[in-house]
Structure formats: C-alpha cells, structure tokens
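Given next are the chains, with one letter for each unit.
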Amino acid sequence: MFARGLKRKCDQEEVTEGFGTVPSYSLQRQSLLDMSLVKLQLCHMLVEPNLCRSVLIANTVRQIQEEMSRDGVWHPGAPQGAGRAPLDRLVSTEVLCRTARGPHGEQAVPESGESPSQTPAPGLCTVSLAQELRDPESGLWEMDSPRESRASFSKSLDQIFETLESKPPGSMEELLSDVESSYYDLDTVLTGVVSGSKPGLCGGLEGFTTAPSPPSSGCKSDLAELDHVVEILVET
Amino acid sequence: MLLSLPALHLQTSEHHPLFQLPHGRLGPWCSPTGSPAPLSCEAGCGEGSWILVCRLLVPTQVSLLSMEEDIDTRKINNSFLRDHSYATEADIISTVEFNHTGELLATGDKGGRVVIFQREQESKNQVHRRGEYNVYSTFQSHEPEFDYLKSLEIEEKINKIRWLPQQNAAYFLLSTNDKTVKLWKVSERDKRPEGYNLKDEEGRLRDPATITTLRVPVLRPMDLMVEATPRRVFANAHTYHINSISVNSDYETYMSADDLRINLWNFEITNQSFNIVDIKPANMEELTEVITAAEFHPHHCNTFVYSSSKGTIRLCDMRASALCDRHTKFFEEPEDPSNRSFFSEIISSISDVKFSHSGRYIMTRDYLTVKVWDLNMENRPIETYQVHDYLRSKLCSLYENDCIFDKFECVWNGSDSVIMTGSYNNFFRMFDRNTKRDVTLEASRENSKPRAILKPRKVCVGGKRRKDEISVDSLDFSKKILHTAWHPSENIIAVAATNNLYIFQDKVN
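Notes on the structure follow. As the structure is a prediction and not an experimental result, all values here were calculated from the model.

1. As for the overall build of chain A
When helices and strands are counted, chain A shows nine helices and zero strands. A fraction of 71% describes how many contacts in chain A between residues 6 or more apart in sequence connect residues 24 or more apart. As presented, chain A carries roughly 12300 Å² of accessible surface, and 61% of it is formed by carbon and sulfur atoms.

2. Looking at the packing of aromatic side chains
Tallied over the entire structure, the rule returns 21 aromatic pairs over all chains. Here the aromatic rings of B:Tyr136 and B:Tyr171 are separated by 6.1 Å at their centres, their planes lie at 85 degrees, and the arrangement is edge-to-face. Taken together, the residues B:Tyr136 in strand β8 (residues 133-140) and B:Tyr171 in strand β12 (residues 171-176) connect sequence positions 35 residues apart. What makes B:Tyr171 buried here is its relative accessible area of 8%. When the centroid spacing of 6.4 Å and the interplanar angle of 50 degrees are considered together, the rings of B:Tyr367 and B:Phe408 count as tilted. With B:Tyr367 in the loop between β24 (361-365) and β25 (369-374) and B:Phe408 in the loop between α4 (395-400) and β27 (410-412), the pair connects residues that are 41 residues apart, well separated along the chain. Per residue, the accessibility class of B:Tyr367 equals that of B:Phe408, and both read buried. The ring of B:Tyr399 has A:Lys39 sitting right over it, with the charged end atom 5.4 Å from the ring centre. Of note, B:Lys199 hangs over the ring of B:Tyr196, and the distance from its end group to the ring centre comes to 4.6 Å.

3. Re the sheet that holds strand β6 (residues 104-109) of chain B
Residue and element names in this part refer to chain B. The four strands are arranged β5-β6-β7-β8 in an open sheet whose pairing can be described as antiparallel. The sheet is open, and its two edges are formed by β5 (93-98) and β8, each paired on a single side. Neighbour to neighbour, the strand axes of the sheet diverge by 20 degrees on average, direction disregarded. Here five bridges tie β5 to β6, and the two strands are oriented antiparallel to one another. The residue bridging Phe 98 from the neighbouring strand is Leu 105, located in β6.

4. So, the sheet that holds β24(B)
Residue and element names in this part refer to chain B. With antiparallel pairing, the four strands of this open sheet are ordered in space as β23-β24-β25-β26. If you trace the sheet from one side to the other, it starts and ends with β23 (352-355) and β26 (383-386), each paired once. Here the strands of the sheet are splayed against their neighbours by 15 degrees on average, with no regard to which way each runs. Examined bridge by bridge, β25 and β26 share four bridges and lie antiparallel to one another. Looking at the pairing, Val 372 lines up with Glu 383 of β26.

5. As for helix α3 (residues 51-70) of chain A
All names here are of chain A. Helix length check: α3, at 20 residues, gives a terminal C-alpha distance of 28 Å against a target of 28 Å (1.5 Å per residue), a fit within 8%. For α3, the buried fraction is high: 16 of the 20 residues fall into the buried class. One side-chain oxygen of the residue at the start of α3 lies 3.1 Å from the amide nitrogen of Cys 52, identifying that residue as Asn 50.

6. Some remarks on the side chain of B:Asn134
Secondary-structure assignment places B:Asn134 in strand β8. For B:Asn134, a relative accessible area of 5% puts it in the buried group.

7. Comments concerning unusual backbone geometry
Residues and elements named next belong to chain B. In the Ramachandran plot, Asp 416 falls in the positive-phi region, its phi being about 65 degrees despite a non-glycine side chain. Tracing the backbone through its elements, the reader meets Asp 416 in the loop between β27 and β28 (418-422). When its relative accessible area of 8% is taken as the criterion, Asp 416 is described as buried. Although it is not a glycine, Lys 436 adopts a positive phi angle of roughly 65 degrees. Of note, Lys 436 is situated in the loop between β29 (427-432) and β30 (438-442).

8. Section: the packing of helix α2 (residues 25-41) of chain A against α3(A)
Packed helix pairs are specified by the crossing angle of their axes together with the interaxial distance, meaning the distance between the axes. Residues and elements named next belong to chain A. It is at 9 Å that the axes of α2 and α3 come closest, and there the two elements cross at 145 degrees. Judged by the sense of rotation from one axis to the other, the crossing of α2 with α3 is left-handed. Contacts between α2 and α3 pair Tyr 25, Arg 29, Gln 30, Leu 32, Leu 33, Ser 36, Leu 37, Lys 39 and Leu 40 from the former with Arg 53, Ser 54, Ile 57, Ala 58, Val 61, Ile 64, Gln 65, Glu 67 and Met 68 from the latter. Its residues placed into classes, the contact of α2 with α3 shows 10 nonpolar, four polar and four charged.

9. Re the pattern of salt bridges
Overall, the coordinates contain 31 salt bridges over all chains when judged by the stated rule. A salt bridge links B:Asp190 to B:Lys191; its shortest N-O distance comes to 3.5 Å. With relative accessibility at 38%, the residue B:Asp190 sits in the partly exposed group. For B:Lys191, a relative accessible area of 45% puts it in the partly exposed group. Note that B:Asp473 is salt-bridged to B:Lys394, the shortest N-O span being 3.5 Å. A residue pair is termed long-range when its members are at least 10 positions apart, and B:Asp473 in the loop between β32 (470-471) and β33 (483-486) and B:Lys394 in the loop between β26 and α4 qualify at 79 residues. In this structure, a network of salt bridges that share partners links the residues A:Arg29, A:Glu67 and A:Asp71.

10. Focus on the pairing of strand β17 (residues 261-266) of chain B
Residue and element names in this part refer to chain B. As paired strands, strand β16 (residues 253-257) and β17 are joined by five bridges and run antiparallel to one another. By the bridge assignment for β17, Tyr 254 is matched with Trp 265. Hairpin connection of β16 to β17: three residues between the antiparallel strands. Pairing of β17 with strand β18 (residues 269-278) involves five bridges; the strand directions are antiparallel. In the sheet register, Leu 264 faces β18, and the bridge partner there is Phe 274. Connecting β17 to the antiparallel partner β18 that follows it, the hairpin turn spans two residues.

Parameters and conventions
Residues numbered from 1 in each chain as written. Chains lettered and ligands numbered in written order. Predicted model: local features only at pLDDT ≥ 70, side-chain atom pairs only at ≥ 80, totals over all residues. Heavy atoms only, no water. Helix = DSSP H or I, 4+ residues; strand = E, 2+ residues; numbered from the N terminus. Contact = heavy atoms within 4.5 Å. Areas by Shrake-Rupley, 256 points an atom, 1.4 Å probe, with all protein chains shown as cover. Phe/Tyr/Trp six-rings, centres within 6.5 Å; stacked < 30°, edge-to-face > 60°. Buried < 20%, exposed > 50% of the residue type's maximum accessible area, 1.4 Å probe, protein only. Lys NZ or Arg CZ within 6 Å of the ring centre and 35° of its normal. Pairing = 2+ DSSP bridges. Axes fitted to C-alpha atoms, helices over the stretch in contact; angles between N-to-C directions. Expected span 1.5 Å × (residues − 1). Polar contact = N/O pair within 3.5 Å; in protein donor to acceptor, adjacent residues only side chain to side chain. Left-handed = near helix turned anticlockwise from the far one by under 90°. Nonpolar A, V, L, I, M, F, W, Y, C, P; charged D, E, K, R; others polar. Salt bridge = Lys/Arg side-chain N within 4 Å of Asp/Glu carboxyl O.

Dropping the structure here:
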C-alpha cells in the first residue's frame, strides 16, 4: 500500500537544519539495488513467482551493477561511503527519505545485500569467513569480487528461474536436493549466517528482522559447522 | 461440473440507481455524418457525458453456499469491510468481456468463478430498463490445484475470458487460469420432458409390475434454466503462466500465450497443440524478455501479434513457417534519452495489446502511456497518450510497493475512434483519437447517485490544488482499474473496480 504519509515526513526532514539534503545518487542507486535483490529473493513461494516481474527486477539489478562497475564503484574490499550505517541500506524508503547519518560505529551486521556474496558452497564460505576474520572492522557489507557476486547472483537467479521449469523426474533425490538447496539459499540470504535449520521463508524473514548476531560468534558457529561437515566427510 | 441455476436477477433497487434513457441513435462518437462530436471534458450535461447504468455486486461466496453443497472455506479469506459491503478476496474481478453482440457480459474473478450478465430486453412496458444488465449465469470455471512436482499451488484466478461468435442457440466462451483453458457452453433450457414410463414425476424408478399403460413423454414448459457445461479442457500445455487467449477469425482455432511460449489449438482437439512461438533461451540465466500479451488479427487468420516486457511488439505470419520465431514485423519506439532511468525498462513493459476492429492499428498499454501503432509503420507509434504522467516522479515508491508491475488493459470502442484504459484511485481514462480530447472519470460508490452524470476528475500535479481536484499524494493505489470493456457497437462500458462491476452509458439527449 502506498504510504501516503511518508512523503510529507520526507519533506520535513529534508528541510530541517543540520541534517543535510537528499541522499546522493550512489546511495539511492545502492538502496535500489538492495531493494531489488530483496524483491527477487522474497518471492511468494506458495504460488509460482511471477516470471515477468522477476525478469524485470533482474534486468534492473543487472543494469545497476553494470553502471556501478562502469563508475568504478565496484571495488572488492573498498569501504563504500564512509560511515554509512549498514541498517540503512535495507530499509530503502527510509534511506531515500532520511538523510545520511553520521557513523554509527562498526556494527558488523549481516546484510542481505551482501548475502549473494555468501554462496552455499563450502569453499567460498571459507573464503568469506576468512575475510571476515581478517578484517572484521570493514563490516560484512563489503562485496567480494564482482565476479563472485555476479556468479552467485546469477546462480540465485538461475535457481529462481529453474523452480519454474518442469524438471524431468529423473530422480526424486535430485529434485529434493534442488528444493533443499534453494531453501538453504533463502536462509543464508536473509540471515547471512550459515545455519543448520531451514525455517523456510517466514523463519528467514524473522531471522532478518531480529537483531542478528555479530560476526564473531557467527564465524565461530560457521567454523564449528564446517568442522562437523568435514568430520562427516572424512568418516564416510 | 454441471451447474444448473435459475436465471438470477439482482435486486436492482438494493444497491444502485437505475435509470434508462430512450435508446435512440448511437452516441456522439458514432455520428452518422462521419464527423464525431467532441468528447466533452467539461462538467455538466453536455453531449458526451457518461451516466451510471448499474453497479453490479458479484454475489459473494457466502450467498452461493445455499446453492452448492461443497463448501470450500479456504476461498473465504481476507474478509474485509469495504464501503459497507462484505467483499472477499475471491470476488475480485480479474477479467471483463462483452460477447460479439454485446448482449452478454462475462466477468471472471479471483475465485475461479465466471458470472455472465445479460442485457435486459427492451419491452414496451419498461422502456426505461433497456441497457440494464442482470445476472444470467454463474458457474465455477476453475478450481485451485496443486502441482505436486514443484510443490506449488496453481491459482484458480480467471486470467482471461474470450467469447466465440454465436453459431447456434448456445453461447460458447473460453476461460483460462494460469495453466488450463476451458471451453464452456452456456445454454438455456425452458422445456422439460414429462410423462416417463419407467420413472415417476420425482425421478424415482417405478416398479415395472405397476405399469399397465404406455404413454409418450411430452415436452412441457418450465422456468428458464441456464446451464453451463465444460465442453473441452485444454490442459498440460503450458509450463509458464498463461497471460492471453485469442480466438482466431477462422473460428476453428485459438491461441494461448504464456510467458515464453504461444500455442495454437484446434477447438476439437484437446490432447495436442502446436507451439508457434518459443522464446525460451537454452540457458535460463540468459532470460531477459518475456511475452506479456498476444492477439490474433481480427480478419486475417494467419496473422497475430505478441508484445514483450521490453516494450516491443512482433507481428507474425503463420504461413511463413511452423515456428514463428522470426517475426514479420517488429514494432519498437526508440527510447527517449532524456527520460532514461533505472525504471525505464519496467515502465516500457507492455501489459496489453489490442487490434483495432478494423485491423489496421494496434494499441499497446505500458505503465504510463497508451500507444496506437499503424501496422505499416514499425519504427514508432502514430499516437501516444499519457495516462498518468504525474506518476513519473513517483516511480521509485511505486517500484517498492510493486504497483509498477500492475498490468492495465486497454480497449477500443466499436468504431475505433475512442480508446479507454484504467488508472489508480478507481479512475479510468478515455481518449478521443479524432478530437485529441481526453477525460478522466471515476468508478466509485460515492458518486453513484440517481440520474447522476459522471463528473470528470482531475489530478492536481503541483502547486495550488483547485476545489475538485485531487492531489497525487492522495491517490489510493490500492484502488486500481485494470479491466474494462466496451460494447462492440454501442457506447456502453463495463469497468471492474475490485469486486464491483460498473456499467456506464453515454447520455443521449
């Protein structure tokens, strides 16, 4: 529902002294990108997602990413907009209407905007975990290499489009494993934490809205999980 | 499913004012002299004003419970009070279509039901009731299904209804949800046989030993009963969601289009269809464009068009090849670089495409405009009409609340001189192609007073708001007019607003 009152609030805040002006173009672009990624992932999985809508959003995301890499904003590891509070990035209307706040301190909060960079593949997980351990201060919102993000992004896209395809019933296990991994992706996407449980869409959303754990404990649980997985593999 | 219902007539005094004007000549748009009178944009009783004929509230699921034995309580969900009437989500009208004579008007809703209205016949006693539409038949066309392979529900929402031209006493229509097309036969029964030998009047079998004489059953008149029977079910041909169906001018075939494919069917054959367009890429990761609408040419049975999410229209000739992946004509307007934004592609996505009755033009609807194209000119449209350009600065918010993905339809009037499409806040717009004048009208309960003439509405863009204007920020984006229909020969229009069906007629002096 179109929030009618929001615009008036925006106007007031923009005019107020000391708060700065309309957010910068790169900030707007970034929040649009985040909004689009969230829209793509949060499909209503009860009914098949609308393919036209998904394709249009995906094209928009590609367009933004292309422009960002043309502008040279797409740097691995480079801090994006010093002192930007990570929470702002996901609440997009607030970002667009609110002014750029001062540095909030390094709340390393896992962002869904970053989650495409965290793929379920254990190898890449190790990479990103290692990065987190090395540089916790940079925050989790730093993108990994654009290639990785794009690959993981198009992988997520692929998964979304593939749910719409009728797969030949080659093997039930194959089918089920696909379903399972897509739920798994949703979880990692929304919570940014590799977790064992698969609460499904609502659970994932709840994980997102509640305050997620700081990365240090997250890293520890990730490592513990990784150890567990390795143990199983070695034993078998 | 066989549903026998007596012909229902809504209590017309209950909800809406009724007034009929003597049906004389056609409205000002179709003047026999050949020069159509201008559309009146000024408020008042001038020529070209529209009046409310009736507002029809599709009977809710609750009222149908007494007639049906199976109650699917899942359909009654999200009940909410709106304008003092109970409306369930299942009652939201999802398609509206007049038949070829305009005598019948069909609506489909989100709950999978089809309701057909019939125009009141002109009678000497009640000359003022001509033009009123009453419920003729109601039936459940589609049921919700579950795709076990993908663990996904298949919605029963009726996406489109298309009538077949009438060839005998019965009426035929096609209705479709996301996956399955059905051919329904709607017929009247006003006689029944009486005097069976082996059955008594209630239908119970008689003991043969008690039968001493033989008689011939006779047909006796009975109360009019309208039956709807499914004659064909065209299923399992679409992987993606069906967005359009179109009956061919040969009346033997029709096409169904989903996001990536278009199939050609013969009405008699349900277990086979020809795939005539397939834009699915080998690698789904490369998918950037989908089919959004498709329609057959009104006269040439070999020609059809389909529109895409990138704002292009392709015209195909089925004589050229079996698979029409290579278009005969390609219609695209070059992008205006000054209007470029991240939303440019989304708002260029075509939500509806319609041939004119003459077959010379096509009309397309994208998010902010309606365009008329000449079939002989592919590089740009011949006419562009702004539906609600004031939304251009709000695209980010409309993207956020998903309104930017709303699919508005557009329609031609019978003479192809006026086009109509919907907008938000229950507004709908008409554009006169000859005079270049346009009008904004509103379909709302508040404005439905007896004998009231629809007052043109105006949206105030900025600066000072005049008395009767409404500002952009006050628009209600949950009230959207996506579906409208225009009578094939008269100036009667049907406008669907959520669960209400408004029928308007032009005021003839």
